[in-house]
Amino acid sequence: VQLQASGGGLVQAGDSLRLSCVLRGLAYSLTTMAWFRRAPGKEREFVAAIDYNGGRAEYDDDVKGRFTMSRNVDGSTADLQMLSLKPEDTAVYYCAAYPFLDGNGVRDPEKYKFWGRGTLVTVSS
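Reading guide: rules and limits
Residues numbered from 1 in each chain as written. Predicted model: local features only at pLDDT ≥ 70, side-chain atom pairs only at ≥ 80, totals over all residues. Heavy atoms only, no water. Disulfide = S-S within 2.5 Å. Helix = DSSP H or I, 4+ residues; strand = E, 2+ residues; numbered from the N terminus. Buried < 20%, exposed > 50% of the residue type's maximum accessible area, 1.4 Å probe, protein only. Pairing = 2+ DSSP bridges. Axes fitted to C-alpha atoms, helices over the stretch in contact; angles between N-to-C directions. Phe/Tyr/Trp six-rings, centres within 6.5 Å; stacked < 30°, edge-to-face > 60°. Lys NZ or Arg CZ within 6 Å of the ring centre and 35° of its normal. Polar contact = N/O pair within 3.5 Å; in protein donor to acceptor, adjacent residues only side chain to side chain. Contact = heavy atoms within 4.5 Å. Salt bridge = Lys/Arg side-chain N within 4 Å of Asp/Glu carboxyl O.

Now for the state of the cysteines. Taken as a whole and assessed by the stated rule, the structure comprises one disulfide. The disulfide that involves Cys 21 links it to Cys 95, with 2.1 Å between the sulfurs. Here the disulfide of Cys 21 and Cys 95 is right-handed, its torsion about the S-S bond being about 60°. With a gap of 74 residues between them, Cys 21 in strand 3 (residues 17-24) and Cys 95 in strand 9 (residues 91-99) connect regions that are remote in the sequence. Taken individually, Cys 21 and Cys 95 each receive the classification buried, so the pair is uniform in this respect.

Shown next, in the form of structure tokens:
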């Protein structure tokens, strides 16, 4: 199983970025995909997820209304469109995947077995 994230970079507050994660090696339609992030000196935290049922995306309250997660038609790619970025959004962003994960489990990083290497997002003030 491989997860490859891309799209990070250095931007100014108020700018936008789009992250992308490509999944290989799992049945796309049976796999929940999510984005987490780890800011300097902080614990890894949930950002967004779309479960394997193809339902609505779920978001952490800190990003709701600014970030939009989407998956392509076959489910192999998960994008995270980030608008109105803030300095506190600075973090390494990781995509994660696991089959048949839904409900409250989509927000728990311990439920995900497969992780990408992360992509750094830096937002300057």
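To continue, consider the sheet that holds strand 3. To summarise the sheet geometry, strands pair through backbone hydrogen bonds and adopt either a parallel or an antiparallel arrangement. Across the sheet, which stays open at both edges, the four strands sit in the order 1-3-8-7 with antiparallel pairing between neighbours. Every other strand in the sheet has two partners, leaving strand 1 (2-6) and strand 7 (67-71) as the edge strands with one partner each. Across this sheet, the average inter-strand angle for adjacent strands is 15°, counted without regard to direction. Two elements, strand 3 and strand 8 (residues 77-82), share six bridges in a ladder whose sense is antiparallel. Its bridge partner lying in strand 8, Arg 18 is registered against Gln 81.

On to the packing of aromatic side chains. Enumeration according to the criterion identifies seven aromatic pairs in this entry. A centroid spacing of 6.5 Å and a plane angle of 80° characterise the contact between Tyr 94 and Trp 115, whose relative ring orientation is edge-to-face. With Tyr 94 in strand 9 and Trp 115 in strand 10 (residues 114-115), this pair connects stretches of sequence that are 21 residues apart. A cation over an aromatic ring shows up here: Arg 44 above the ring of Trp 115, its NZ or CZ 4.4 Å from the ring centre.

Mapped onto the secondary structure, Ser 76 falls in the loop between strand 7 and strand 8. Only 2.7 Å separates the side chain of Ser 76 from the side chain of Asp 74, close enough to count as a polar contact. Setting aside chain neighbours within four positions, we find Ser 76 in contact with Cys 21, Val 22, Leu 23 and Tyr 28.

A few words now on the pattern of salt bridges. Scanning the model with the defined rule gives seven salt bridges in all. In this structure, Glu 45 and Arg 37 form a salt bridge, with 2.6 Å as the shortest nitrogen-oxygen distance. Classification of Arg 37 as buried rests on a relative accessible area of 5%. Residues Asp 89 and Arg 37 are paired through a salt bridge, measuring 3.0 Å at the closest nitrogen-oxygen approach. Of this pair, Asp 89 sits in the loop between strand 8 and strand 9 while Arg 37 sits in strand 4 (residues 31-38), placing them 52 residues apart in sequence. Given the relative accessible area of 1%, Asp 89 is considered buried. Where salt bridges share partners, they join Arg 37, Glu 45, Arg 66 and Asp 89 into one cluster.

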